[in-house]
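# Coordinate analysis (summary)
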Amino acid sequence: MTGNHTEPHELEEQQQESGRHRLDTSVRRRRVLIGGGGVAVAGGLAVAGIASADPGKSNKGKKPGKGTGTTASASTEASATSTVCVLNAEVTEGPYSLDGALVREDIREDKEGFEVQYTFTVVDVGNDCAPLADALVEIWHCDHLGEYSGFVGGNGHTEDDNGTFLRGGQMTDENGQCSITSIWPGHYVSRAVHVHMRVHTDVTLTDDSYTGGEIIHTGQLFFDQDINTEVQATSPYTENTTQETLLENDSIYDDGGASSGLLTLTALGSSVSDGYAATLTVGVNSD
């Protein structure tokens with residue numbers, strides 16, 4: 001699981017030539033609204049806009065983050081009457097994908113960084129937004145230096161490369177939910193801080209990975225810019241001295257909120273170093 005070394009300027013030129021890492025506008029047109037102006041509810045879950053994938057879970061003692069840093073509450077659930085289920089924006093997977101991800105809940109290995117506890121709820125917009133069970137949600141992202149496993153050196157840093165750090169996935173349960181623990185990503189040349197995601201169906205699990213299946217969604221996840229600015233200004237992220245691209249200047253994120261992959265963040269403590277819970281309802285089409 002190794003990749004060819006590509007210098008950042010060469011990668012940027014390749015992206016411009018090939019169109020990789022650019023929003024698929026045909027997919028944007030395929031975003032659909034289900035149920036008119038009413039709420040889309042599946043298995044008791046109001047979807048696409050609920051701040052937490054687990055509304056009944058207590059967050060006592062947790063400090064909300066800035067921007068999108070809120071948790072589900074009675075008022076949130078009440079406002080769900082105006083919520084619609086949307087097909088999440090789909091984009092190219094980019095140059096750093098690898099096949100055969102490990103199926104595991106914690107993908108950090110020994111990487112430094114602030115903990116992020118992801119909870120994803122996958123719903124099928126082609127089936128009245130019903131929770132999608134037995135789907136493999138796979139994510140991967142760079143470390144605090146902006147380096148991807150399998151491609152170390154692409155952001156100008158030298159470190160060990162085992163081809164697996166900060167890569168992995170989990171199967172969704174009967175409620176369409178799964179949890180993955182990682183770190184807050186660093187940044188690399190030409191892109192805002194982000195996480196890559198794929199949703200697979202019909203995979204066959206092995207001892208620690210999977211075979212077969214079909215990729216039904218390819219997207220990216222994004223972070224509140226104010227919180228991210230604070231994170232990137234804190235050690236160990238300050239070891240990465242490459243130029244950072246702000247969310248508003250990113251070539252992929254189109255300011256579409258949750259439907260474009262913007263995560264809802266909840267602080268796990270009083271400092272950014274304590275980490276965050278990150279939630280998102282992912283609308284896919286299994287047809």
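Since this is a predicted model, take the numbers as computed values, not measurements.

Right, let's talk about the state of the cysteines for a bit. Each disulfide is one covalent bond, formed between the sulfur atoms of two cysteines. Summed over the entire model, instances satisfying the criterion amount to one disulfide. The partner cysteine of Cys85 in its disulfide is Cys129, sulfur to sulfur 2.0 Å. Judged by the torsion about the S-S bond (-105 degrees), the Cys85/Cys129 disulfide is left-handed. On the criterion of sequence distance, the pair formed by Cys85 in the loop between helix H3 (74-79) and strand S3 (115-124) and Cys129 in the loop between S3 and strand S4 (130-131) is long-range, its members being 44 residues apart. For Cys85, a relative accessible area of 0% puts it in the buried group. Cys129 sits in the buried class, given a relative accessible area of 0%.

Inspection of the secondary structure puts Gly212 in the loop between strand S10 (210-211) and strand S11 (214-222). Separated by twelve residues in sequence, Gly212 and His200 have C-alpha atoms that sit 9.2 Å apart. Those residues in contact with Gly212, other than ones at most four positions away along the chain, are Asp202 and Val203.

Right, let's talk about the pattern of salt bridges for a bit. A complete count under the given rule lists eight salt bridges for this structure. A salt bridge links Arg104 to Glu109, with the nearest nitrogen and oxygen atoms 3.0 Å apart. For Glu109, a relative accessible area of 34% puts it in the partly exposed group. Between Arg191 and Asp250 there is a salt bridge, with its nearest N and O atoms 2.7 Å apart. Of this pair, Arg191 sits in the loop between strand S7 (177-183) and strand S8 (194-201) while Asp250 sits in the loop between helix H4 (225-232) and strand S12 (264-267); the two residues are 59 residues apart in sequence, bridging distant segments of the chain. The exposure class of Arg191 is buried, given its relative accessible area of 1%.

Attention now moves to the environment of Glu239. Secondary-structure assignment places Glu239 in the loop between H4 and S12. Through-space distance from the C-alpha of Glu239 to that of Gly186 is 9.9 Å; in sequence the pair is 53 residues apart. Once you skip the residues sitting within four places of it in the chain, Glu239 turns out to touch His144, Leu145 and His157. A polar atom in the side chain of Glu239 sits 3.2 Å from the side chain of His144.

Another point: the pairing of S11. Among the nine residues that make up S11, seven are buried, leaving the element largely enclosed by the rest of the structure. As paired elements, S8 and S11 share eight bridges and run antiparallel to each other. Bridging across to S11, Thr201 finds its partner in Glu214.

Before going further, it helps to spend a moment on the side chain of Glu159. As for its position among the elements, Glu159 is in the loop between strand S5 (136-140) and strand S6 (167-171). Within polar-contact distance, the side chain of Glu159 engages the side chain of Lys111 at 2.5 Å. Excluding its chain neighbours within four sequence positions, the residues that come into contact with Glu159 are Lys111, Asp143, Leu145, Glu147 and Val152.

What follows is about the nonpolar core. In terms of nonpolar packing, the biggest core is built from 36 residues, with Tyr118, Phe120, Trp184 and Leu263 touching the most fellow members. Put simply, the parts of the chain that give this core at least two residues each are S3, S5, S7, S8, S11, H4, S12 and strand S13 (276-284). With five residues, the single largest contributor to this core is S13.

Parameters at a glance
Residues numbered from 1 in each chain as written. Predicted model: local features only at pLDDT ≥ 70, side-chain atom pairs only at ≥ 80, totals over all residues. Heavy atoms only, no water. Disulfide = S-S within 2.5 Å. Helix = DSSP H or I, 4+ residues; strand = E, 2+ residues; numbered from the N terminus. Buried < 20%, exposed > 50% of the residue type's maximum accessible area, 1.4 Å probe, protein only. Contact = heavy atoms within 4.5 Å. Salt bridge = Lys/Arg side-chain N within 4 Å of Asp/Glu carboxyl O. Polar contact = N/O pair within 3.5 Å; in protein donor to acceptor, adjacent residues only side chain to side chain. Pairing = 2+ DSSP bridges. Core = buried A, V, L, I, M, F, W, Y, C linked by side-chain atoms within 4.5 Å.

From the geometry alone we can't say anything about function, so treat these as descriptive.
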